Amino acid sequence: MTGPAFATALGEAGSVVTITNVSVRYGPRLALEDVSAALPPGAVGLLGPNGAGKSTLIKALLGFIALERGKLRMLGLDVRHAPLEIRRRVGYMPETDAHIPGMTAVAFVAYCGELAGLPRADAMQRAHEVLYYVGLGEARYRKVETYSTGMKQRIKLAQALVHDPDLLLLDEPTNGMDPKGRDEMLALIRDIADRISVILSSHVLPDVEFACDHVVVLHKGVVATHGPIAALKGDSARVFELRVKGDETQFVVALRDVGIESDGESGDVMRVFVPADRPARLLFEVAARHGVQVRHFRASVPSLEDVFARALGD
Amino acid sequence: MPIHDQGYRRYAGERRGGDRRWPVIARAGIIERLRERRFLALMLVAWLLFAVRAVQLYVGTTIVRASFFAPSEETFHSFLNQQRLFVFFITIYAGAGLIASDRQANALQLYLSKPITRHDYIAGKLATLAAFLIAVTWVPAMMLLALQVLFSGSLDFVSSHPRLVPAITITSVLQVALASMTMLALSSLSRSRRFAAMLYALVTIFAGAVERVLQTATGAAGWVLLSPQNTLVVITDALFGIEPEIPVTIAVIAIVALMGVCIAVLERRVRAVDVVA
């Protein structure tokens, strides 16, 4: 299903973000080109390699960047006409290291709460609460400048959560974190997504696969694919691991001719994606036709990596 | 079922309406600065002259033989001129990092992801610096006037000098506005507070020195326009009834133009993201 078709099928009422034919330009470079998607409530991953346009899309959603063309709606509001109302209901965790200099963690988070419209006493109380929630309770009286990279990621999440937004925009939230910290951050995101909607921008596939239900894959400024992760991964019986002996290149071309996509290095185990309307035995028929021996054949569990690879055409 | 839910909990309290968030920014900035002992010491030193002038007023008002200490419009004019030194130091100390430090810490995207506008942000930062500058210009000058009334026991001096209160107020406002706007614009140009401080010092001291040299060499009073501070003096002199070196209208146009440049710089530099064209 294409972008606009998907948007129409879901309908604006059922989506937290609706992106309609959005283009963004940085000078001569088109960072986003005619992007359309409808992001449903829950956890949605924005996936794509570096430079795909993920951060640009988030900044456009926040109204930081002017659109060249198109329309953005968040939480039922037009980004262009109600930016303040949207920011009141949205929390943003930027990709880069960001804090208010000279403040302790609790003062910083409370200040962000006040800026977002909480009364002073409530902001302070809520700051303590979210700092405990993100695992910084013991370090909340330290200045943010003295925090490690992992702690800075957590406090960025805390400042985005302090005013209890309806939608959380997270830009590469696990950047620079150690494996344990990364797992904890993803568990937090998963937990938050049970209560409020989350849009998680990342180039790390396992992060998105763990934390999100839906995904939008961006590549070179356009939507490569999007939808529920489970649906995109497809039937597990349709992905196979295969190792062959013979002219592998010719075999891959022959498979493509009959509508079967594959990935993997030459001489290694390749993964093939058999469409639902084709039988798996077609693999053996093609192999036999081209004098290729099938040395290894096993049904595989499809991953988001497969979706990503197919979407990017690798 | 868990005994205590440690998951994310939603906020059920009230939320403030309205879009005026600049007082939050200003209050945070003022509190942060007041926590620094060195800054408090600077503010204290800035009030020393007030103490000296207060004694002078007391002596001039209460001792007949010390009538040469008796207050005049010039007393207040020279007091405000002398306070320019402290305006300079406080502007550098409290103003250089106002935007530069936020830029260095990538804080602008945090501010502007909240329900505040760029104008709220600029107004909050401006109010932070302006509050301290008003505290060393208008506040002590008006307190001196109040002391004069107190020492003399009458309002005769105030009523015989009707332009004094407006002159003190306008002079203070202009001093504060010029220093705050210039410093804020320069602070937005850099990610380093030191660089912003150096730029301000350059604009204030160097421009003044060049103006003096050129004026002495050529004898033309028009060179005063090179220095924003000295241009401002032209206006304040006129407010206190002193004949200015150049027409006041030209000085006003120059100051307004400088303010316009500052606003344009702030408008361009205060953004959540640096968009490279």
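Let's shift gears to unusual backbone geometry. Residues and elements named next belong to chain A. At Glu172, a position not held by glycine, the phi torsion is positive, near 50°. You can see Glu172 is positioned in the loop between strand S7 (167-171) and helix H7 (179-193). With a phi angle near 50°, Lys220 is a residue other than glycine that sits in the positive phi range. Residue placement: Lys220 occurs in the loop between strand S9 (214-219) and strand S10 (222-228).

Attention shifts here to the confidence of the model for chain B. In this model, chain B carries a mean pLDDT of 91, and residues with pLDDT of at least 70 account for 95%. Overall fold confidence for the complex sits at a pTM of 0.86, while the interface term, ipTM, reaches 0.89.

As a further point, take H7(A). All names here are of chain A. The first and last C-alpha atoms of H7 sit 21 Å apart over 15 residues, in line with the 21 Å expected at 1.5 Å per residue. Buried within H7 we find Arg182, Met185, Leu186, Leu188, Ile189, Ile192 and Ala193. All buried residues of H7 lie within an arc of 155° about the axis, which places them on one face of the element. Along H7, the residues that are exposed and aim more than 90 degrees away from the buried face are Pro179, Lys180 and Ala187. Along its buried surface, H7 packs onto strand S3 (43-47), helix H6 (149-161), S7, strand S8 (197-202) and helix H8 (205-211).

Residues and elements named next belong to chain A. Domains assigned within chain A are domain 1 (3-231) and domain 2 (234-312). When each unit is reduced to the centre of its C-alpha atoms, the spacing between domain 1 and domain 2 is 37 Å. Facing ten residues of domain 1, the contacting portion of domain 2 comprises seven residues. Elements supplying a minimum of two residues to the side of domain 1 that touches domain 2: H8, S9 and S10.

Rules and cut-offs
- Residues numbered from 1 in each chain as written.
- Chains lettered and ligands numbered in written order.
- Predicted model: local features only at pLDDT ≥ 70, side-chain atom pairs only at ≥ 80, totals over all residues.
- Helix = DSSP H or I, 4+ residues; strand = E, 2+ residues; numbered from the N terminus.
- pLDDT = per-residue confidence, 0-100.
- Expected span 1.5 Å × (residues − 1).
- Buried ≥ 20, exposed ≤ 12 C-beta atoms within 10 Å, placed from the backbone.
- Arc of directions from axis to C-beta.
- Contact = placed C-beta atoms within 7 Å.
- Domains from an automatic or database assignment.

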